[in-house]
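Structural overview for review
Here's the letter readout for the chains.
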Amino acid sequence: MEPVLDKVVVIGGGGHSKVVIDILQSAGTYEIVGFTDNSDQQRSLCGVPYLGNDEILPELLNKGVLRFIVGLGDNKVRKILFEKIRTVGFMPVNAISPFAHISPHAKIGQGVVVMAGAVINPYAVIKDNVIINTLSGIDHDCIIDSHVHIAPGTSLTGCVRVCEGAFVGTGSKITPNVEIGEWSVIGAGAVVISDILPGSTVVGVPAKKIIAKG
Ligand SMILES: CC(=O)SCCNC(=O)CCNC(=O)[C@H](O)C(C)(C)COP(=O)(O)OP(=O)(O)OC[C@H]1O[C@@H](n2cnc3c(N)ncnc32)[C@H](O)[C@@H]1OP(=O)(O)O
């Protein structure tokens, strides 16, 4: 007999959401009932139906869909939706690619996405609503606080701390024991060798602060 899987709704219908759906399909641990999006142009993603905008969520709860995951890359928006949807009674699920390696000695929070080729080593701590994107490495004893996005192909060496909401851009490298401040942005390809102040944007090798326009 087929096992009965818990039902999950994916929030958001953009590029990141496609990958989240694909991971949930590969892992096979939930029944994906559909996705919501505040644009009404959506039809389906990876064979999963568009359900409507977020106003449909209370109706889904009444129908026994109790679990959600936010499929949005933007850290601020992802934080707002994660907290709001949890408050109305949904429980966050993780989307962990079967092609990621996570040490059994690492701790993983709720609503976390870990994509294919990512490696999370022992004693790393990944808090809630974090994205560890494709082919990224999180080495021993790193602490990744809530709502962080580690973009594709990024290397965090041992004992790095990434504080809440920070965005670590694709291909960047962070040397041991560095602290990346809250809501800071690390540019693509940067090499970070010293602590980064909260809210700053840094680029280059070694990484230096710029005034961000974006
Ligand atoms: C699956 C996915 O797609 S996940 C998403 C992954 N996305 C990323 O990793 C994107 C990372 N983003 C970046 O690197 C961006 O360039 C940012 C956030 C660092 C800066 O963006 P903006 O604030 O828009 O800066 P802007 O493009 O105007 O550049 C400002 C200056 O910094 C330079 N600069 C920008 N990014 C970088 C970089 N990564 N490395 C070196 N220099 C850079 C620009 O050349 C420019 O220099 P200038 O003033 O001498 O002309």
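Residues numbered from 1 in each chain as written. Predicted model: local features only at pLDDT ≥ 70, side-chain atom pairs only at ≥ 80, totals over all residues. Heavy atoms only, no water.

Here's the deal with the sheet that holds strand β6 (residues 91-92)
For the record, the criterion: Here, a strand pair is defined by DSSP locating no fewer than two bridges between the strands. Secondary structure counts use DSSP, requiring at least four H or I residues in a row for a helix and at least two E residues in a row for a strand, with both numbered from the N terminus. We call two residues in contact when some of their heavy atoms are within 4.5 Å. Note on geometry: axes are C-alpha line fits, over the in-contact stretch for helices, and angles between N-to-C directions span 0 to 180 degrees.
Reading across the sheet, the six strands line up as β3-β4-β2-β1-β5-β6 and stay open at both edges, with mixed pairing between neighbours. Every interior strand has two partners, whereas the edge strands, β3 (44-45) and β6, have only one. Most of the contacts of helix α1 (residues 15-27) go to strand β1 (residues 6-11), to which it runs at about 165°, and overall it touches β1, β2 (30-36), β3, β4 (48-52) and β5 (67-70). Contacting β1, β5 and β6, helix α3 (residues 75-87) crosses the sheet at an angle of about 170° to β5.

Brief notes about the UniProt feature "binding site: acetyl-CoA" (unreviewed entry) in the protein
We count it as follows: UniProt positions are given in the numbering used here, feature names are shortened, and annotations may be inferred rather than shown by experiment. Partly exposed residues are those whose accessible area sits between 20% and 50% of the maximum for their type, while under 20% is buried and over 50% is exposed, using a 1.4 Å probe and protein chains only. Under this definition, polar contacts are N or O atom pairs within 3.5 Å; protein pairs additionally need one hydrogen-donor-capable and one acceptor-capable atom, and for neighbouring residues in sequence, both atoms have to be side-chain atoms.
Per the UniProt annotation, the sites labelled "binding site: acetyl-CoA" (unreviewed entry) are His149. In this structure, histidine 149 sits in strand β16 (residues 149-150). Taking the relative accessible area as the measure of exposure, histidine 149 reaches 9% and is therefore buried. In this view, histidine 149 contacts Gly73, Asn75, Arg78, Ile131, Asn133, Ala166, Phe167 and Val168; residues no more than four positions away in its chain are not counted. Separated by 3.5 Å, the side chain of histidine 149 and the backbone oxygen of glycine 73 make a polar contact.

Quick look at the packing of aromatic side chains
The criterion, for reference: Centres within 6.5 Å are what make two rings of Phe, Tyr or Trp a pair, Trp counting through its six-membered ring; a difference in plane orientation under 30 degrees is then read as stacked, over 60 as edge-to-face, and the rest as tilted.
As enumerated under the stated definition, the model contains three aromatic pairs in all. For the pair phenylalanine 35 and tyrosine 50, a centre-to-centre distance of 5.5 Å together with 45° between the ring planes defines the contact as tilted. Taken together, the residues phenylalanine 35 in strand β2 and tyrosine 50 in strand β4 connect sequence positions 15 residues apart. Here phenylalanine 35 and tyrosine 50 have matching classes, each one buried. Both rings, one in phenylalanine 68 and one in phenylalanine 82, keep their centres 5.9 Å apart while their planes meet at 45°; by these two values the pair is tilted. Residue phenylalanine 68 is located in strand β5, and its partner phenylalanine 82 is located in helix α3; the two are separated by 14 residues in the primary sequence. A connected cluster of aromatic rings, assembled from ring pairs, spans Phe68, Phe82 and Phe90.

Looking at the pairing of β5
Here is the rule: When the strands point away from the viewer, a crossover counts as right-handed if the route from the first strand across the helix to the second turns clockwise.
Sheet topology note: the β1/β5 ladder contains four bridges and is parallel. When the bridges of β5 are listed, valine 9 appears paired with phenylalanine 68. Bridge count for β5 against β6 is two bridges, and the pairing is parallel. Bridging across to β6, phenylalanine 68 finds its partner in proline 92. Handedness of the β5-α3-β6 crossover: right-handed.

Quick word on the domain arrangement of the protein
Applied cut-off: Domain start and stop positions are those given by an automatic or database domain assignment. Two parts placed together each lose some accessible area under a 1.4 Å probe, and adding up what both lose gives the buried area. Here, a salt bridge means any side-chain nitrogen of Lys or Arg that lies within 4 Å of a carboxyl oxygen of Asp or Glu.
For the protein, the assigned domains are domain 1 (6-93) and domain 2 (95-201). A C-alpha centroid distance of 23 Å is found between domain 1 and domain 2. Listed per partner, the contact involves 20 residues of domain 1 and 22 residues of domain 2. Overall, the association of domain 1 and domain 2 removes approximately 1500 Å² of surface from exposure, summing both partners, and the carbon and sulfur fraction of that is 65%. If you sort the residues of domain 1 by the area they bury against domain 2, Ile23, Asn75 and Arg78 come out on top, with a joint share of 34%. The interface formed by domain 1 and domain 2 includes two salt bridges. With a closest N to O distance of 2.7 Å, glutamate 164 and lysine 79 form a salt bridge.

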